[in-house]
Amino acid sequence: MNISRRKMLILLPAAAVAWESVLAGTPEASPNYKMSDHWWGMLIDISKCIGCGNCVRACQTENDVPEGYFRTWVERYHVDDYHLENPVVISPDGGKEGFPVVKEDAGKYFFVPKMCNHCADSPCTQVCPVGATFISPDGVVLIDQKYCLGCAYCVQACPYGCRYVHPTKEVADKCTLCYHRITKGLTTACCEACPTGARQLADLKNPNDPIHEFLKTHNVQVLKPQMATGAKAFYNDLDGSVR
Amino acid sequence: MSAFKDARHLFRFAGLFVLAFLVFLVVRHYYVPKSFGQYGHYRGAAVGEIANLPVKFAGHQACEDCHTDVVAKKNTGKHAHVNCEACHGALASHADDPSTVKPVLPDTAVLCARCHTASAAKPKGFPQVEPAEHSQGLPCETCHNPHSPGMDAPATAAGGAK
């Protein structure tokens, strides 16, 4: 192939323009979705959770979460006379296949689904040295896996233990609040699969979202409020022993 | 000018600095992605890339658009608030291509027991049974229609289009 100097002079800028559009990435999936109109969170109702593990399995299916790692998991707490301060907590395989049956009712039992709290002042994004993890303009903590180095600093920084290093990709991984679903008008996979409505996606910027009425009429807490993370996973009926 | 008499090597050195800085600017221009800093200290295009990931759970709206008979049945019973894919699993592939991708009917022995096996750990108001005692080994759907599990609604077929 023979390329004249003149052709080369035309081709070079054309290639540069093409490369820049590659670097700029793909446009947003839903043209109707405006990030500035939303501020996402999650409502978790402890009194409704039956510990079936549907959310854990749904999350692993939806997000190709590797075996043995969890973006969401369910813990079962057992608080009795001997363990008021330090309750017995189990989570066999993340609660994926449910929990062992309890016959007698000594003390209190309850299930606590855990996931990324999508903190408004998240410790994990503050420590990232390269800007690979960030809070999106609609309030979801996300990871740019093409930019992540896999240093795992964020894994240590998360006070809720919600991050892990993906075993094959070797980059940080976590709950995206099903960002690929909520931007298309769907709810998250865990909410979709929850049979009792114990999990509900909440849009704090939407004045018609039932979350606002719920927050005003129920005893709602966040996990580890003393850490001032601005957590947006709101727990109804949360026991004081939950860590 | 006597102060700068022997200073030519300093100017050469400064020139090197300027050159290195220009090289840095050029390299930086090509290596930092265009969308970095679009919304904050991160690659703005990553937001769109994550939003573009494929969906595996179709969402109950997609099911209800076609299976109107099941929805009608479901709305009459206690499972009205249970989404289709809570039991039937992720079926976006079926919703995208209903004629070729056929969902497999879930096994009620596993499915019903997962939620309704009695355990003191479950909330008190939630309906729970000892499966072995409750049905003496009969499959749940002998008496209950999973789409509307109340006993007053006699179980016919599992309800709805197969």
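## Concerning the overall build of chain B
- From N to C terminus, chain B includes eight helices and zero strands.
- Seen in sequence order, chain B has helices and strands lined up from the N terminus as α-α-α-α-α-α-α-α.
- Expected size for 162 residues packed as a compact globule is a radius of gyration near 15 Å; at 33 Å, chain B overshoots this value by more than 25%.
- Dimensions along the principal axes, computed over C-alpha positions, put chain B at roughly 110 × 40 × 25 Å.
- For chain B, the residues scored as buried account for 28% of the 162 residues in total.
- Here the contacts in chain B between residues at least 6 apart in sequence split such that 43% fall between residues at least 24 apart.
- Counting every atom, chain B has about 10500 Å² of accessible surface; 66% of that belongs to carbon and sulfur.
- Computed over 15 positive and 13 negative side-chain charges, the separation of the two mean positions in chain B equals 18 Å.

## Quick notes on the sheet that holds strand β11 (residues 233-236) of chain A
Residues and elements named next belong to chain A.
- Spatially, four strands are ordered β9-β1-β11-β10 in an open sheet, and the strand pairing comes out mixed. What marks the edges here is a single partner per strand, and that holds for β9 (199-203) and β10 (220-221).
- Across five bridges, strand β1 (residues 40-45) lies against β9 in antiparallel orientation. Note that in β9 the partner of tryptophan 40 across the bridge is aspartate 203.

## A short note on the domain arrangement of chain B
- According to the domain assignment, chain B consists of domain 1 (10-51) and domain 2 (60-142).
- For domain 1 of chain B and domain 2 of chain B, the distance between their C-alpha centroids amounts to 54 Å.

## Examining the side chain of Arg181(A)
- Structurally, Arg181(A) is set in helix α5 (residues 179-182).
- Among the residues examined, Arg181(A) registers a relative accessible area of 0% and is labelled buried.
- Other than its neighbours up to four places away in sequence, Arg181(A) contacts Glu62(A), Leu186(A), Thr187(A), Thr188(A), Ala189(A), Glu192(A), Val55(B), Lys56(B), Phe57(B) and Gly59(B).

## A few points about the interface of chain A and chain B
- Listed as interface residues are 55 residues of chain A and, on the opposing side, 44 residues of chain B.
- Between chain A and chain B, the buried area comes to about 4000 Å², and carbon and sulfur atoms account for 60% of it.
- Viewed at the interface, chain B and chain A are joined by five salt bridges.
- Taking the shortest distance from any N to any O, the salt bridge between Glu49(B) and Lys146(A) comes out at 3.3 Å.
- Our count for the chain A to chain B interface comes out at 17 residue pairs in polar contact (both at pLDDT 80 or more).
- Of all the secondary-structure elements, those providing two or more residues to the side of chain A that touches chain B are α1 (5-24), α2 (54-63), β4 (108-115), β5 (133-135), β6 (141-143), α5 and α6 (189-193) of chain A.
- Residue contributions to the side of chain A that touches chain B peak at five residues, all from α2(A).
- Split by residue class, the side of chain A that touches chain B holds 28 nonpolar, 11 polar and 16 charged.

## Some points on the state of the cysteines
- Counted under the stated rule, the structure contains zero disulfides over all chains.
- In this model Cys148(A) remains outside any disulfide bridge; the closest cysteine sulfur is found in Cys154(A), 6.1 Å from its own.
- The closest cysteine sulfur to the non-disulfide-bonded Cys112(B) is located on Cys140(B), 3.8 Å from its own sulfur.

## So, the packing of aromatic side chains
- Evaluated as defined, the whole model comprises eight aromatic pairs over all chains.
- Taking 5.4 Å as the distance between ring centres and 35 degrees as the angle between the ring planes, the aromatic pair formed by Tyr147(A) and Phe36(B) counts as tilted. Taken together, the positions of Tyr147(A) in the loop between β6 and α4 (153-157) and Phe36(B) in the loop between α1 (8-31) and α2 (45-51) put the pair across two chains.
- For Tyr147(A), a relative accessible area of 24% translates into the label partly exposed.

## Things to note about the pairing of β11(A)
Residue and element names in this part refer to chain A.
- Burial along β11 is two-sided: the residues Ala233 and Tyr235 and Phe234 and Asn236 are all buried.
- Examined bridge by bridge, β1 and β11 share four bridges and lie parallel to one another. Among the inter-strand pairings, aspartate 45 is bridged to a residue of β11, identified as asparagine 236.
- Relative to β11, β10 is paired through two bridges, and the arrangement is antiparallel. Looking at β11, one finds that glutamine 221 is bridged to tyrosine 235.

## What about the pattern of salt bridges?
- Inspection of every chain in the model, using the stated rule, returns 11 salt bridges over all chains.
- The shortest N-O distance in the salt bridge between Asp173(A) and Arg71(A) comes to 2.9 Å. Of this pair, Asp173(A) sits in strand β8 (residues 172-173) while Arg71(A) sits in the loop between α2 and β2 (72-79), placing them 102 residues apart in sequence.
- For Asp173(A), a relative accessible area of 4% corresponds to the buried category.
- Take Arg71(A): its relative accessible area is 7%, and that puts it in the buried class.
- Arg114(B) is paired through a salt bridge with Glu97(A); the nearest N and O atoms lie 3.3 Å apart. Of this pair, Arg114(B) sits in helix α7 (residues 108-116) while Glu97(A) sits in the loop between β3 (88-90) and β4, on two different chains.
- A relative accessible area of 22% places Arg114(B) in the partly exposed class.
- A network of salt bridges, in which partner residues are shared, links Asp144(A), Lys146(A), Arg43(B) and Glu49(B).

Conventions used here
- Residues numbered from 1 in each chain as written.
- Chains lettered and ligands numbered in written order.
- Predicted model: local features only at pLDDT ≥ 70, side-chain atom pairs only at ≥ 80, totals over all residues.
- Heavy atoms only, no water.
- Helix = DSSP H or I, 4+ residues; strand = E, 2+ residues; numbered from the N terminus.
- Rg over C-alpha atoms; globule rule 2.2 N^0.38 Å.
- Buried < 20%, exposed > 50% of the residue type's maximum accessible area, 1.4 Å probe, protein only.
- Contact = heavy atoms within 4.5 Å.
- Areas by Shrake-Rupley, 256 points an atom, 1.4 Å probe, with all protein chains shown as cover.
- Lys, Arg positive; Asp, Glu negative; His and termini not counted.
- Charge placed at Lys NZ, Arg CZ, Asp CG, Glu CD.
- Pairing = 2+ DSSP bridges.
- Domains from an automatic or database assignment.
- Buried area = accessible area lost by both parts, 1.4 Å probe.
- Salt bridge = Lys/Arg side-chain N within 4 Å of Asp/Glu carboxyl O.
- Polar contact = N/O pair within 3.5 Å; in protein donor to acceptor, adjacent residues only side chain to side chain.
- Nonpolar A, V, L, I, M, F, W, Y, C, P; charged D, E, K, R; others polar.
- Disulfide = S-S within 2.5 Å.
- Phe/Tyr/Trp six-rings, centres within 6.5 Å; stacked < 30°, edge-to-face > 60°.

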